[in-house]
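What the coordinates show
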Amino acid sequence: MSTTPTAPTSANPGWYTTGLPHIWLPYAQMKTASAPLAATRTHGTTIELSNGRCLTDGVAAWWTACHGYNHPHIRQAVEAQLSTMPHIMFGGTVHQPALTLASRLSAMLPGDLERVFFTDSGSVSVEVAMKMALQYRLNKGQTGRTKLLAFKGGYHGDTLATMAVCDPEEGMHHLYGSALAEHIIAPLPQDAASTAEFLRLLKTHAHELTAIITEPLVQGAGGMLFHSPDVLRTLRKAADEHDMLLILDEIFTGFGRTGSMFACEQAGIVPDIVTLSKALTGGTMALAATVARRHVFEAFLSDNPEHALMHGPTFMANPLACACANASLDLFEQEPRLEQVQRINTLLTQGLEPCRTLPGVKDVRTLGAIGVVELEKIANPDALRQRFIAQGVWIRPFRNIVYLTPAFTITEAELHKLTTAIYTVLSTP
Ligand SMILES: *Cc1c(COP(=O)(O)O)cnc(C)c1O
């Protein structure tokens with residue numbers, strides 16, 4: 001990628017050529033990465049580029065834009081909030097958007113998940129969950145229980161604390177190894193052997209563990225790996241038997257993506273702490289939430305000031321973001337989102353199934369509005385992405401998978417275009 005400004009072209013406007021040499025992109029080798037696209041507008045399931053081209057979006061902005069881009073109901077909510085109170089500190093003041101959102105989330109979540117701590121990114125909501133789990137023990141006078149049990153294939157964020165509960169080898173973070181806190185990483189208990197190993201690690205380390213953390217049903221960044229609801233029931237039972245908290249990271253799965261509003265509903269279990277972000281605001285603004293059950297919250301109620309949760313992001317519970325989230329929840333109530341997810345699942349399954357017989361394809365799987373084609377290997381995900389762009393679709397392969405996580409409002413024709421592009425590109429090496 002160019003490191004010095006170049007002259008504007010018809011495709012690339014001045015802001016692009018002047019600004020790009022000053023930008024550091026995510027997850028990219030800046031020396032060799034192909035140039036990013038200059039996006040100028042979004043609407044529905046479409047991304048418009050400065051050169052006038054339109055791409056059909058198969059990713060929905062890292063699966064956040066579940067109602068499609070620029071939904072008028074969310075836009076109106078933000079505009080109204082912008083004119084009354086764009087932001088105010090949450091240390092000592094509260095406001096209607098945040099309190100309404102907190103009560104709505106508690107009503108939607110199972111059991112007594114009823115205390116909401118707002119933050120501004122998914123990683124930070126996981127850090128807050130980790131701090132809650134740590135301090136839960138300290139406040140009860142239980143020392144030495146500072147570790148978490150997490151899983152191979154797991155992903156919980158890119159910050160230093162969350163990297164330590166990601167898969168240490170498969171993840172993006174193995175380089176940082178010795179700088180990270182040490183937690184216990186076990187296989188997900190999916191069969192007799194992995195269950196035995198999980199239970200062995202749990203027993204061996206019970207004295208130093210405070211919680212188990214996992215993504216329910218889908219390990220997203222780990223490669224869209226699916227597991228059955230039985231696994232979550234096994235974790236809930238094991239957590240209860242060993243007096244551990246169970247943290248479910250629903251940042252990817254929350255808000256309908258797997259077919260139910262929250263993935264934990266499919267297992268009929270209640271975690272002690274749940275983290276939410278991604279689709280929380282319908283893909284419009286940054287917001288996250290860590291939601292705790294009553295017994296977790298009660299461990300922080302004390303006459304000792306040190307027992308308070310010492311955390312407070314500057315922009316926590318930002319009113320604009322909370323207004324977006326409330327508007328997004330309205331749309332889940334007013335429009336048939338979960339039925340749309342079922343329909344998408346049928347179409348994804350039909351559309352991707354033919355890929356199974358293509359050379360180099362290892363697996364094709366779908367769950368809710370997630371469609372995955374797993375390959376033996378993708379030599380150059382970046383080059384593959386360029387081939388999808390040439391087909392007029394925005395699809396971002398990573399590791400060894402090509403996946404779709406479209407908006408729930410996508411049309412049948414648009415979905416057909418996406419699955420056809422995948423088949424076409426994968427059938428011509
Ligand atoms: C995206 C994601 C995160 C991190 O969220 P950020 O907002 O990127 O910090 C954590 N956990 C899961 C399961 C995610 O999908």
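Calculation rules
- Residues numbered from 1 in each chain as written.
- Predicted model: local features only at pLDDT ≥ 70, side-chain atom pairs only at ≥ 80, totals over all residues.
- Heavy atoms only, no water.
- UniProt positions renumbered as here; feature names shortened; annotations may be inferred.
- Helix = DSSP H or I, 4+ residues; strand = E, 2+ residues; numbered from the N terminus.
- Expected span 1.5 Å × (residues − 1).
- Buried < 20%, exposed > 50% of the residue type's maximum accessible area, 1.4 Å probe, protein only.
- Arc of directions from axis to C-beta.
- Near = heavy atom within 4 Å.
- Polar contact = N/O pair within 3.5 Å; in protein donor to acceptor, adjacent residues only side chain to side chain.
- Areas by Shrake-Rupley, 256 points an atom, 1.4 Å probe, with all protein chains shown as cover.
- Nonpolar A, V, L, I, M, F, W, Y, C, P; charged D, E, K, R; others polar.

The name recorded for the protein chain in an unreviewed UniProt entry is Adenosylmethionine-8-amino-7-oxononanoate aminotransferase, from Acetobacter orientalis. The record held by UniProt for the protein chain lists under Catalytic activity (unreviewed entry) the comment "(8S)-8-amino-7-oxononanoate + S-adenosyl-L-methionine = S-adenosyl-4-methylsulfanyl-2-oxobutanoate + (7R,8S)-7,8-diammoniononanoate". Its UniProt record gives the protein chain the following Function (unreviewed entry) comment, quoted word for word: "Catalyzes the transfer of the alpha-amino group from S-adenosyl-L-methionine (SAM) to 7-keto-8-aminopelargonic acid (KAPA) to form 7,8-diaminopelargonic acid (DAPA). It is the only aminotransferase known to utilize SAM as an amino donor."

This next bit is on the environment of alanine 325. Structurally, the position occupied by alanine 325 is in helix α10 (residues 319-334). Spatially, the C-alpha atom of alanine 325 lies 30 Å from that of histidine 416, the residues being 91 residues apart in sequence.

Between its first and last C-alpha atoms helix α13 (residues 412-427) spans 22 Å; for 16 residues at 1.5 Å apiece the expected length is 22 Å, and the two agree. Inspection of α13 places Glu414, Leu415, Leu418, Thr419, Ala421, Ile422, Val425 and Leu426 among the buried residues, and these make up the whole buried set. The buried residues of α13 occupy an angular sector of 150° when the element is viewed end-on, so they sit on one face. What points out from α13, more than 90 degrees from its buried face, is the exposed set Ala413 and His416.

The subject of this paragraph is the site of the ligand. Neighbouring the ligand are the residues Ser121, Gly122, Ser123, Tyr155, His156, Gly157, Glu215, Asp249, Ile251, Phe252 and Lys278. Take lysine 278: an N or O atom from its side chain is 2.8 Å from an oxygen atom of the ligand. Within the complex, 83% of the 390 Å² of free accessible area of the ligand lies under protein. Residue classes in the shell around the ligand are distributed as 3 nonpolar, 5 polar and 3 charged.

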